[in-house]
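Structural overview for review
Below are the chains, spelled out letter by letter.
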Amino acid sequence: MANYFNTLPLREQLAQLAKCRFMYSSEFADGVDALKGKKMVVIGCGAQGLNQGLNLRDSGLDVSYALRPEAIAQKRQSWKNASENGFVVGTYEELIPTADIVLNLTPDKQHTAVVNAVMPLMKEGACLSYSHGFNIVEEGMQVRDDLTVIMVAPKCPGSEVRAEYVRGFGVPTLIAVHEANDPKGEGLALAKAYAVGTGGHKAGVLMSSFIAEVKSDLMGEQTILCGMLQTGSILCFDKMIEEGIEPGYASKLIQYGWENITEALKYGGVTNMLDRLSNPAKIKAFDLAEELKDIMRPLYNKHQDDIMSGHFSRTMMEDWANDDANLLKWRADTAETNFEKTPASDVEISEQEFFDNGILMVAMVKAGVELAFETMTAAGIIAESAYYESLHETPLIANTIARKKLYEMNATISDTAEYGCYLYNHACVPLLADFMKGIKSDVIGKGLDLDDNGVDNARLIDVNDALRAHPVEAVGAVLRGHMADMKKIV
Ligand SMILES: NC(=O)C1=CN([C@@H]2O[C@H](COP(=O)(O)OP(=O)(O)OC[C@H]3O[C@@H](n4cnc5c(N)ncnc54)[C@H](OP(=O)(O)O)[C@@H]3O)[C@@H](O)[C@H]2O)C=CC1
Ligand SMILES: CC[C@](O)(C(C)=O)C(=O)O
Ligand SMILES: [Mg+2]
Ligand SMILES: [Mg+2]
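Residues numbered from 1 in each chain as written. Chains lettered and ligands numbered in written order. Predicted model: local features only at pLDDT ≥ 70, side-chain atom pairs only at ≥ 80, totals over all residues. Heavy atoms only, no water.

The name that an unreviewed UniProt entry assigns to the protein is Ketol-acid reductoisomerase (NADP(+)), with the source organism given as Halomonas citrativorans. Taken from UniProt, the Sequence similarities (unreviewed entry) comment for the protein reads in full: "Belongs to the ketol-acid reductoisomerase family." (UniProt positions renumbered as here; feature names shortened; annotations may be inferred.)

Structure below.
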C-alpha cells in the first residue's frame, strides 16, 4: 500500500485539501432517517467507540459492538464498556455480516489489519465508516468496490463527544465520502444522518474530504491542541517552582487554568480571552504571544510540512513497527514530570484569578491558536476547518486536563494524537528555553504587581485592533453565530 495523497497529481491534492463547505441546519432536516432501521456495528469500544455509540443509541439508532475474540474472552475494558452499558456484543463473525454500516473505531495503527479482517464478512453494498482518514490517506487502503466508505470525524476527544451531547449540544464534525467508494451515491446521506446521531449538527458540520480531514487533524492535535498544552503545562509549572510559588497552588493553577481561560476563548475567541485581563496584563500577554509566535513559527511550519509530505506518517509507522518504542518511552517520561507528580492543593482559585495569575498561559494559547490557524490556512486548509482544529477544540482538550492532568489528556486522545503531541513537546521545550529564562512570577503564578492599571491609549488601541483583525476572529464570529445551543462549562 502506498501513501494515497502522494500518488495524486498536485492539482488534485490542492482540490481535495480545499474541499470544505459549512452545512446549514436546514440540510439536516431529515435527522437520522437515513440510518433508521439499519444495523450499526461498531468495532472497538474505546474513546470514540463507546461515546459515539451512546449518542447514536440515544438518538434512536440500532447499535451493537463487534470485538476481537480476546477482548470478549478476557472481559477487557472494551467488553465492559459495551456490555455494562447494555449493548449487544459479539464476534466479527456473529455481527459483521448483519451490519448495514460498520463503524471502524479502533486505533489507527490497527486499521489495515481490522479492515482486512472484516471486509470479507461485510454484506454486499454495506457501508464502512471511519472517524479519522489516516488509513485511507496515509496508507492507501483499498476497499471492496461494492462498499460505501464514509468518514464522520468529531473534532474532539470521545469523552467530550458524549459530554457535549448530554449537555444538549454537540461537537463540530467533518464528514466526507471517499469518492472511489460511493457505488450507490448514498454516502452523503449516511454521513449526515450519522453526524446528527452524534449531535454534531448542533455545533457545525463541514462537508469535506478524507485528505482535508487528515492533514488538518494531525496538525491541530500535534501543535496547539495537545502539544502546546502539554509543553505549556510543563514549562509553566517548573517556572513557578523556580520562582518559589507553593507547588500545590502551581499545580492547581495549571490543571484547571487551561479549562478556565479557554472557556472565554470558546465563547468569544482570542479577543474575549484577552479582554478578561486588565489593560496592562492584556498588553503584556499580547507582547509575550508575539514573541512566542516568532520563536515557534518554524516549528509549526515543520509540523505542517512533515504532515503534508508524509514524513510524519512514515516515521510514526516506523515506530508502530518498532513496538511503539518512542510512544511508550515518551508516555513514561510524561508520567515523571514534576507537574504530573505534584497534586493540586485545595486552595480556592477564583475564575478571574486564573486569568490574572496565568498571563503566560493566555499568551501561549493565543500564540498556539493563531499559529496553528495561520499555518493550516497557508497550507490550503479552509478557514472553517482550521478554526475547529485550533480555537474551538482547545477548550475541549483543556477539559480533559482538568480531570486528571496530562495523563487524562493523553489517555483520551487517539494514539496518533498522543505520538504527535510528544513529538511537538520534545522539540518545543528546548526551543523555548531562552524565552523561559526571562519569565518571572508576575506573568505566571502571582500576577502583575502594579500600583495602578494605567496604560498608553494609543498602544491599547493598537493591541485591540490587532487582536480583532486576526483572521481566526472573523471566521470564529460567523461559526459561533451557528452555535446557539452551546453550553457553559465553568
Ligand atoms: N480518541 C479520540 O478522542 C479520537 C479518535 N479519533 C479516531 O477514532 C478512532 C478510534 O480511536 P480511539 O477511540 O482513540 O481508540 P482507542 O485507543 O480508544 O481504542 C478503541 C478500541 O479498539 C480496540 N482495539 C484495539 N486494537 C484492536 C484490534 N487489533 N482489533 C480490534 N479491536 C481493537 C480496543 O479494544 P480491545 O483492546 O479490548 O480489543 C479499544 O477498545 C481512530 O481512528 C482515531 O484516530 C477521532 C477523533 C478523536
Ligand atoms: C486530540 C486530537 C484528536 O484528533 C481529537 C480528539 O480530535 C485525536 O486524534 O484524538
Ligand atoms: Mg481531531
Ligand atoms: Mg486525531
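**With respect to the overall build of the protein**
When helices and strands are counted, the protein shows 23 helices and 9 strands. For the protein, whose C-alpha radius of gyration is 22 Å, the value lies close to the compact-globule estimate of 23 Å for 490 residues. With the C-alpha coordinates aligned to their principal axes, the bounding extent of the protein is approximately 75 × 45 × 40 Å. Of all 490 residues assigned to the protein, the portion counted as buried reaches 59%. Pairs at least 24 apart in sequence give 81% of the contacts found in the protein among residues at least 6 apart. When the accessible surface of the protein is summed, it comes to about 18,100 Å², and 52% of that surface belongs to carbon and sulfur atoms. Charged side chains of the protein number 46 positive and 68 negative; the gap between the two group centres comes to 3 Å. (Helix = DSSP H or I, 4+ residues; strand = E, 2+ residues; numbered from the N terminus. Rg over C-alpha atoms; globule rule 2.2 N^0.38 Å. Buried < 20%, exposed > 50% of the residue type's maximum accessible area, 1.4 Å probe, protein only. Contact = heavy atoms within 4.5 Å. Areas by Shrake-Rupley, 256 points an atom, 1.4 Å probe, with all protein chains shown as cover. Lys, Arg positive; Asp, Glu negative; His and termini not counted. Charge placed at Lys NZ, Arg CZ, Asp CG, Glu CD.)

**Section: the packing of aromatic side chains**
Taken as a whole and judged by the stated rule, the model has 10 aromatic pairs. Look at Phe22 and Tyr24: their rings are 5.6 Å apart centre to centre, the planes differ by 80°, and that puts the pair in the edge-to-face class. Pairing Phe134 with Trp320 gives two aromatic rings, centres 5.5 Å apart and planes at 50°, and the pair type is tilted. Taken together, the residues span a long stretch of sequence, with Phe134 in helix H8 (residues 134–137) and Trp320 in helix H14 (residues 311–321) at a distance of 186 residues. Residue classification places Trp320 among the buried residues on the basis of a relative accessible area of 13%. (Phe/Tyr/Trp six-rings, centres within 6.5 Å; stacked < 30°, edge-to-face > 60°.)

**Things to note about the site of ligand 1**
Inspection of the region around ligand 1 gives 26 residues, with Gln48, Arg68, Ser78, Asp108 and Gly158 positioned closest. Between ligand 1 and Gln48, the relevant distance is 2.8 Å, taken from an oxygen atom to a main-chain nitrogen or oxygen of the residue. Ser414 is positioned with one of its backbone polar atoms (N or O) 3.2 Å from a nitrogen atom of ligand 1. For ligand 1, whose unbound accessible area comes to 890 Å², protein coverage reaches 86%. At the level of secondary structure, the elements contributing two or more residues to the shell around ligand 1 comprise helix H3 (47–58) and helix H7 (111–118). For the shell around ligand 1, the per-class residue count stands at 11 nonpolar, 12 polar and 3 charged. The residue makeup of the shell around ligand 1 includes at least three contributed by each of domain 1 (20–208) and domain 2 (212–487). (Near = heavy atom within 4 Å. Polar contact = N/O pair within 3.5 Å; in protein donor to acceptor, adjacent residues only side chain to side chain. Nonpolar A, V, L, I, M, F, W, Y, C, P; charged D, E, K, R; others polar. Domains from an automatic or database assignment.)

**Description of unusual backbone geometry**
Excluding glycine, most residues fall at negative phi; most peptide bonds, likewise, are trans. Residues other than glycine seldom take positive phi values, yet Asp324 does so here, at roughly 60°. Relative to the assigned elements, Asp324 resides in the loop between H14 and helix H15 (325–335). Residue Asp324 is classed as buried on the basis of its relative accessible area, which comes to 16%. At Lys405, a residue that is not glycine, the phi angle is positive and equals roughly 55°. With respect to the secondary-structure elements, Lys405 resides in helix H19 (residues 383–412). Looking at Lys405, the relative accessible area reads 6%, which means it is buried.

**Comments concerning the site of ligand 2**
Near ligand 2, the surroundings consist of Cys156, Pro157, Asp217, Glu221, Cys226, Glu393, Ile397, Ile413, Ser414 and Ala417. Separating an oxygen atom of ligand 2 from a backbone N or O atom of Cys156 is a distance of 3.4 Å. Residue Glu221 places a side-chain N or O atom 2.7 Å away from an oxygen atom belonging to ligand 2. Considering ligand 2 on its own, with 280 Å² of exposed area, one finds that the protein chains cover 92% of that surface. Going through the elements one at a time, helix H11 (210–242) and H19 are the ones with two or more residues in the shell around ligand 2. Per element, the largest residue contribution to the shell around ligand 2 is 3 residues, and it comes from H11. Broken down by class, the residue content of the shell around ligand 2 amounts to 6 nonpolar, 1 polar and 3 charged.

**With respect to the coordination of the magnesium ion (ligand 4)**
Here the magnesium ion (ligand 4) is held by the protein donor atoms Asp217 (OD) and Glu221 (OE), which lie 2.1 Å from it. The metal-metal distance between the magnesium ion (ligand 4) and the magnesium ion (ligand 3) is 3.5 Å, with Asp217 coordinating both. Here Asp217 and its partner Glu221 are both found in helix H11, 4 residues apart, which amounts to about one turn of the helix. Glu221 carries the same exposure label as Asp217, and that label is buried. (Donors = N, O, S within 2.8 Å, 3.2 Å for Na, K, Ca; no water.)

**Concerning the UniProt feature "domain: KARI C-terminal knotted" (unreviewed entry) in the protein**
When the UniProt feature table is mapped onto this chain, "domain: KARI C-terminal knotted" (unreviewed entry) is found at residues 209–353 and 355–486. Helix makes up 84% of residues 209–353 and strand 0%. Its end C-alpha atoms lie 42 Å apart. Secondary structure over residues 355–486 splits into 73% helix and 0% strand, and the C-alpha atoms at its two ends are 22 Å apart.

**Considering the confidence of the model for the protein**
Here the protein shows a mean pLDDT of 97. Residues at 70 or above account for 100%. In the predicted assembly, ipTM is 0.98 and pTM is 0.97. (pLDDT = per-residue confidence, 0-100.)

**Regarding the domain arrangement of the protein**
By the assigned domains, the protein splits into domain 1 (20–208) and domain 2 (212–487). Placing the centre of domain 1 and that of domain 2 at their C-alpha centroids yields a distance of 30 Å. Contact residues are listed per partner, giving 34 residues for domain 1 and 36 residues for domain 2. Taking both partners together, domain 1 and domain 2 bury about 2,900 Å²; carbon and sulfur atoms supply 64% of that area. By the criterion of area lost to domain 2, the three top residues of domain 1 are Lys109, Glu138 and Lys155, representing 21% of everything that side buries. Taking the shortest distance from any N to any O, the salt bridge between Glu389 and Lys155 comes out at 2.8 Å. Looking at the side of domain 1 that touches domain 2, the elements that each hand over two or more residues are strand S1 (20–23), H8, strand S7 (148–154), helix H9 (158–166) and strand S9 (205–208). Element by element, the count of residues in the side of domain 1 that touches domain 2 is highest for H9, at 4 residues. (Buried area = accessible area lost by both parts, 1.4 Å probe. Salt bridge = Lys/Arg side-chain N within 4 Å of Asp/Glu carboxyl O.)

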